[in-house]
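Structural description and commentary
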Amino acid sequence: MDKSELRKLQEFLRNAFGAPGIKVGLDPKDEEQAVVSFGERAIGIISVDDEDGDRSFSFAMKIPVERAVLQDYLRRLFDNDDLKIVARLKKTDSVELNRGDDFLGVVSADDPKGKSFTLQMAILDYDLDEL
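Residues numbered from 1 in each chain as written. Predicted model: local features only at pLDDT ≥ 70, side-chain atom pairs only at ≥ 80, totals over all residues. Heavy atoms only, no water.

1. Observations regarding the nonpolar core
This is how it is decided: Here, nonpolar core means buried Ala, Val, Leu, Ile, Met, Phe, Trp, Tyr and Cys residues that are tied together by side-chain atoms lying within 4.5 Å of each other. Think of it in three bands: with a 1.4 Å probe and only protein chains considered, a residue is buried below 20% of the maximum accessible area for its type, exposed above 50%, and partly exposed in between. Only DSSP runs of H or I reaching four residues or more are called helices, and only runs of E reaching two or more are called strands; each is numbered from the N terminus. Here a residue-residue contact requires only that any non-hydrogen atoms of the pair lie within 4.5 Å.
Counting residues in hydrophobic clusters, the biggest one holds 36 residues, and the most contacted among them are Leu13, Phe17, Ile46, Phe59, Ile63, Leu74 and Phe78. With six residues, helix α1 (residues 3–17) is the single largest residue contributor to this core. In this structure isoleucine 46 touches Met1, Leu9, Leu13, Val24, Glu32, Gln33, Ala34, Val36, Phe57, Ser58 and Phe59, once residues within four positions along its chain are discounted.

The following block contains the structure:
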């Protein structure tokens, strides 16, 4: 990833979560990954996907809480009450994360008891075009 992509990814995530404090920097161990931080804390990883000939990115964030407090945790973390958890039809192991009416990503349970979750967001190359 180059500096331009890192800047665009940072702006995309700031806009998506409504959180201007999000920072994206190159992972010193892997130049095909970026580390996402919020405040002093690393919150996730962005990986590059070039498999289909189109460049896209995948943001993954571990969420160390149970389903009952998932929405509150994310709202407090990003200081954004527009974030909401929405059930998925015919799915019990995952939910959607929306900001208002806009879909952000899928939050999947890491274990059958739903003690922790992982947020997965796809970021397509054209999502970054206007940034």
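What follows picks up the thread again.
2. Some words on α1
Where we set the bar: The span expected for a helix works out to 1.5 Å for each residue beyond the first. By definition, the arc is the one covered by directions from the helix axis to the C-beta atoms. A 3.5 Å cut-off defines polar contacts: any pair of N or O atoms within that distance qualifies, except that in protein one atom must be a possible hydrogen donor and the other a possible acceptor, and neighbouring residues in sequence count only when both atoms are side-chain atoms.
Taking 1.5 Å per residue as the helical rise, α1 with its 15 residues ought to reach 21 Å, and the 21 Å between its terminal C-alpha atoms agrees with that figure. Along α1, the residues that are buried comprise Glu5, Leu6, Leu9, Gln10, Phe12, Leu13, Ala16 and Phe17. The arc enclosing the buried residues of α1, seen along the axis, measures out at 165°, which places them on a common side. Near the N-terminus of α1, the side chain that reaches the backbone nitrogen of serine 4, with its oxygen 3.1 Å away, is that of aspartate 2. Just past α1, the residue glycine 18 takes up positive phi, approximately 65°.

3. Quick look at the packing of aromatic side chains
Using the following cut-off: Stacked, edge-to-face and tilted labels apply to pairs of Phe, Tyr and Trp rings (six-membered ring for Trp) whose centres lie within 6.5 Å, assigned for plane angles under 30 degrees, over 60, and everything in between, in that order.
Going through the model one piece at a time under the given rule, you end up with three aromatic pairs. Ring geometry for phenylalanine 17 and phenylalanine 59: centres 6.3 Å apart, planes at 70°, overall edge-to-face. One end of the pair, phenylalanine 17, is in helix α1; the other, phenylalanine 59, is in strand β4 (residues 56–63), and 42 residues separate them in sequence. Assigned by exposure class, phenylalanine 17 and phenylalanine 59 land together as buried. With a centroid separation of 5.4 Å and 50° between ring planes, the pair formed by phenylalanine 38 and phenylalanine 78 is classed as tilted. Here phenylalanine 38, found in strand β2 (residues 30–38), pairs with phenylalanine 78, found in helix α2 (residues 70–78); they are 40 residues apart in sequence, far enough to count as distant. An aromatic cluster of at least three residues, connected via ring pairs, comprises Phe17, Phe38, Phe59 and Phe78.

4. Notes on the pairing of strand β7 (residues 102–109)
Applied cut-off: Strands were regarded as paired on the criterion that DSSP finds at least two bridges between them.
Pairing between strand β6 (residues 94–99) and β7: six bridges, direction antiparallel. Looking at the pairing, glutamate 96 lines up with valine 106 of β7. In this structure, the hairpin formed by β6 and β7 is closed by a connection of two residues, where glycine 100 is found at a positive phi of approximately 65°. Relative to strand β8 (residues 117–124), β7 runs antiparallel, the two being bridged by four bridges. Within β8, the position partnered with valine 106 by the bridge is glutamine 120.

So yeah, pure geometry; function would need other evidence.
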